[in-house]
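Here is how the chains run, residue by residue.
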Amino acid sequence: MVRLPELPPIGAAMRSMSFLLLLGTVSLCQAADLKDLPANTWVEFKYTTDQIDPKDKGQFARQGWNKIVYDPDGKRVLFYDRWVDKKHGGWTIYGNCLFGLDTGAGKLTPIKVDNWTKLEPKGGGYRTQALPENDDDPTPCPRHVYHAFEYVPDLKAVFICNGANQTALNNEGKLVGHDLCDGAWRIDLKTNKWTQIKSDQRPPNYLDDSMAYCPDTKEIIYAGSNRQLWILDLEKGQWRKAKKSPPARPAMGQTIWYDPTHKRMLIAGGGALDAWMKGKAPEFRELYAYDPKTEAVQKLADAPTALYSSHLAFDRKRELFFAVAVFNKKQTKGEQSPDEGVQPSGMFAYDPKKDAWTEVKPANPIPPHNNWFGWMQLCYDVEHDCLIGKVNEKFFAFRYEPAK
């Protein structure tokens, strides 16, 4: 394993937090305290949940396979996950709602629930079926959006593309599954209306893909199967293949992020399904740069651990990307490999100006994960100058301060 340089140790002011290391816990705060966070410390913050209909007593139920992004206009974290209530069929494993978390107020709001519900056939299981309201107010079929989810500040809109739902029924009642998730949609956050984007060509839906917005070209860049890149011209509403992409290979779980320091996209990790659990899986550590203007591709420094469905959150003040991985030997055990637990856990920073990774040592333990893979969902909260991390239904804040 390549040893990484550690970022400077935390100053004396943080030694008072050392008891947290002994307890193996994170501290708690109210959302209003985010501007007064202790440096380099994971802090859980509490939130309340708004109701659509108080009589229905709906609730947020984390299903995962999604991404969180920060909306600087609404000063909130956006994500797509499951809203459980009677009207929409209760629980399924698929997201059906756009959520907004006001980090300052500590309030989670179901912004828009899809007009779909759950049908339970006599033979068992369930199906996803459109409600009558979907005729007049079209919404996308509930799904795992994976990382093909993005907020576009210039339009004040959220975009999704492709995804998974093997239980989906079409209007004729035929089971079509994932096919009903094909293509892109956008929701205007001023009106909360969804619109389907109809393009002559589009990225194929092979699941577990990603996309990100490039403000310099006013385009969405989609990182698809075999690492083929696609470009969505937002003005024309049309997709096209990029002229160049990273070298072709399986790319399940690769993610893409905008790098404002070089006005480029970063394409992180990905590989064959579950291959990151078997041996060192070097392909999952690869990082590439894509220039949206010249469409040139460049290999960058490998990451210190596997990047599978990983969040790289850009801290604007410090101009660093942060990622958090929590693996254990059981999660990374390779039956056909002598290596066990070879994917390092920890918090890592990527400096795009130096093309270098470093390890960050928080003052207290990283919040525990119970998922089958351990990448924390992350975004950067501009309003409060901190990272926001999501683990299941819990949210955490972290403000990085290098030692002086």
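Thresholds applied
- Residues numbered from 1 in each chain as written.
- Predicted model: local features only at pLDDT ≥ 70, side-chain atom pairs only at ≥ 80, totals over all residues.
- Heavy atoms only, no water.
- Phe/Tyr/Trp six-rings, centres within 6.5 Å; stacked < 30°, edge-to-face > 60°.
- Buried < 20%, exposed > 50% of the residue type's maximum accessible area, 1.4 Å probe, protein only.
- Lys NZ or Arg CZ within 6 Å of the ring centre and 35° of its normal.
- Pairing = 2+ DSSP bridges.
- Helix = DSSP H or I, 4+ residues; strand = E, 2+ residues; numbered from the N terminus.
- Axes fitted to C-alpha atoms, helices over the stretch in contact; angles between N-to-C directions.
- Lys, Arg positive; Asp, Glu negative; His and termini not counted.
- Salt bridge = Lys/Arg side-chain N within 4 Å of Asp/Glu carboxyl O.
- Polar contact = N/O pair within 3.5 Å; in protein donor to acceptor, adjacent residues only side chain to side chain.
- Contact = heavy atoms within 4.5 Å.

A separate point is the packing of aromatic side chains. What the rule picks out here adds up to 18 aromatic pairs. Relative to Trp357, the ring of Tyr350 has its centre 5.1 Å away and its plane inclined at 45°; by these criteria the two rings are tilted. Accessibility classification places Tyr350 together with Trp357 in one group, the buried group. Clustering of aromatic rings is evident, with ring pairs tying together Phe45, Tyr47, Phe60, Phe79, Trp83, Phe99 and Phe395. One cation-aromatic arrangement involves Lys118 over Tyr126; the distance from NZ or CZ to the ring centre is 5.7 Å. Above the face of the Phe79 ring, Lys390 is positioned so that its terminal group lies 5.4 Å from the ring centre.

Ordered by their spatial adjacency, four strands build an open sheet running E19-E20-E21-E22, and the pairing between neighbours is antiparallel. At either end of the open sheet lies a strand with only one pairing partner, and these are strand E19 (255–259) and strand E22 (297–299). The average angle at which neighbouring strand axes cross in this sheet is 25°, direction not considered. Looking at chain direction, strand E21 (residues 287–290) and E22 are connected through three bridges and run antiparallel.

Moving on to the side chain of Asp381. Structurally, Asp381 is set in strand E27 (residues 377–381). For Asp381, which is buried and forms no salt bridge, the nearest opposite charge comes from Arg399, at a distance of 8.2 Å. Polar contacts involving the side chain of Asp381 include one to the side chain of Thr103, which spans 2.7 Å. A polar atom in the side chain of Asp381 sits 3.0 Å from the backbone nitrogen of Glu383. When neighbours within four sequence positions are excluded, Asp381 is seen to be in contact with Leu34, Tyr70, Thr103, Cys386 and Ile388.

Phi is positive for Asn162, which is not a glycine, with a value near 60°. In this fold, Asn162 is placed in the loop between strand E12 (157–161) and strand E13 (184–188). A positive phi angle is found at Glu319, which is not glycine, with a value near 55°. Relative to the helices and strands, Glu319 resides in the loop between strand E23 (313–315) and strand E24 (320–325).

Bringing the pairing of strand E25 (residues 346–351) into the picture now. Of all the six residues making up E25, six are buried; the element is thus mostly covered by neighbouring parts of the structure. Of the two faces of E25, both are covered, the one formed by Gly346, Phe348 and Tyr350 as well as the one formed by Met347, Ala349 and Asp351. Relative to E25, E24 runs antiparallel, the two sharing five bridges. Looking across to E25, one finds that Ala325 is bridged to Gly346. Note that E25 and strand E26 (residues 356–360) share five bridges and pair antiparallel. By the bridge assignment, Asp351 is partnered in E26 with Ala356. Hairpin geometry of E25 and E26 is characterised by an intervening segment of four residues between the two adjacent antiparallel strands and by a positive phi of about 50° at Asp355.

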